[in-house]
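# Close look at the chain arrangement
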Amino acid sequence: MKPFIAPADAVRQRGFTMIEVLVALVIVAVALAASVRAVGTIAGTAGALHQRLLAGWSADSVLADARLGHSWPELGTTRFECSQGDLMLICTETVSSTPNPLFRRIEVSVTHDQETTRLAQLVTVVANETARPL
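In short, a report on the structure. (Residues numbered from 1 in each chain as written. Predicted model: local features only at pLDDT ≥ 70, side-chain atom pairs only at ≥ 80, totals over all residues. Heavy atoms only, no water.)

Along the chain, H112 falls in strand β3 (residues 103-112). Taking the relative accessible area as the measure of exposure, H112 reaches 14% and is therefore buried. One polar contact links H112 to Q51, side chain to side chain, over a distance of 2.9 Å. Other than its neighbours up to four places away in sequence, H112 contacts Q51, L87, M88, L89, I90, T117 and L119. (Helix = DSSP H or I, 4+ residues; strand = E, 2+ residues; numbered from the N terminus. Buried < 20%, exposed > 50% of the residue type's maximum accessible area, 1.4 Å probe, protein only. Polar contact = N/O pair within 3.5 Å; in protein donor to acceptor, adjacent residues only side chain to side chain. Contact = heavy atoms within 4.5 Å.)

A separate point is the sheet that holds strand β1 (residues 76-81). Reading across from one edge, β1-β2-β3-β4 is the order of the four strands in this open sheet, with antiparallel pairing throughout. Unpaired on one side and paired on the other, β1 and β4 (118-127) mark the two borders of the sheet. Direction aside, neighbouring strands of the sheet carry axes that sit 15° apart on average. Strand direction decides the pairing type here: strand β2 (residues 89-97) and β3, joined by nine bridges, are antiparallel. In the strand pairing of β3, E93 is matched with V108. (Pairing = 2+ DSSP bridges. Axes fitted to C-alpha atoms, helices over the stretch in contact; angles between N-to-C directions.)

Let's shift gears to unusual backbone geometry. Despite not being glycine, H70 has its phi angle at roughly 55°, a positive value. The topology assignment puts H70 in the loop between α1 (18-68) and β1.

What follows concerns the side chain of E93. For E93, the location among the structural elements is in strand β2. Of the side chains bearing the opposite charge, R67 lies closest to the buried E93, which forms no salt bridge; the N-O distance is 9.9 Å. (Lys, Arg positive; Asp, Glu negative; His and termini not counted. Salt bridge = Lys/Arg side-chain N within 4 Å of Asp/Glu carboxyl O.)

The next subject is the pairing of β4. Two faces, one strand: in a regular strand the side chains alternate between the faces of the sheet. The pairing of β3 with β4 spans nine bridges and is antiparallel. For S109, the partnering residue across the bridge sits in β4 and is Q121. Counted between consecutive antiparallel strands, the loop separating β3 from β4 contains five residues.

What follows concerns the environment of L87. Relative to the assigned elements, L87 resides in the loop between β1 and β2. For the pair L87 and H112, spaced 25 residues apart in sequence, the C-alpha to C-alpha distance is 8.0 Å. Excluding its chain neighbours within four sequence positions, the residues that come into contact with L87 are Q51, L54 and H112.

Here we come to the pattern of salt bridges. Under the definition given, this model contains one salt bridge. A salt bridge links E107 to R105; its shortest N-O distance comes to 3.1 Å. The buried category is assigned to E107, whose relative accessible area is 17%.

Honestly, it's all geometry; don't read function into it.
In structure tokens:
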């Protein structure tokens, strides 16, 4: 008996061609590049959020001192260091008058040591407790 030999067209080889493998590698490379960029963006955003949190704490501390000090703040603008840990911050406190002469408005802006971008800004109003009878 003669063995059966299939025609050349009918024989199919299993596996992938080189082009299919290269296309798959390109798709994987694009996906990995996108995920690396996303992780980098998340890390940068987390760092900026941490700096804004510390700046907010600095501004809140300055306003708490003004409220709890029970002193009548002088009008004008003052700049001073208000660092938190190893983050160098500069606070700018602006005291202005209000339509009611018994109140003053205090605005605190916090920036980086060498930048002008505001990280935090808080405002409060304090009463003149020195003019109030006991």
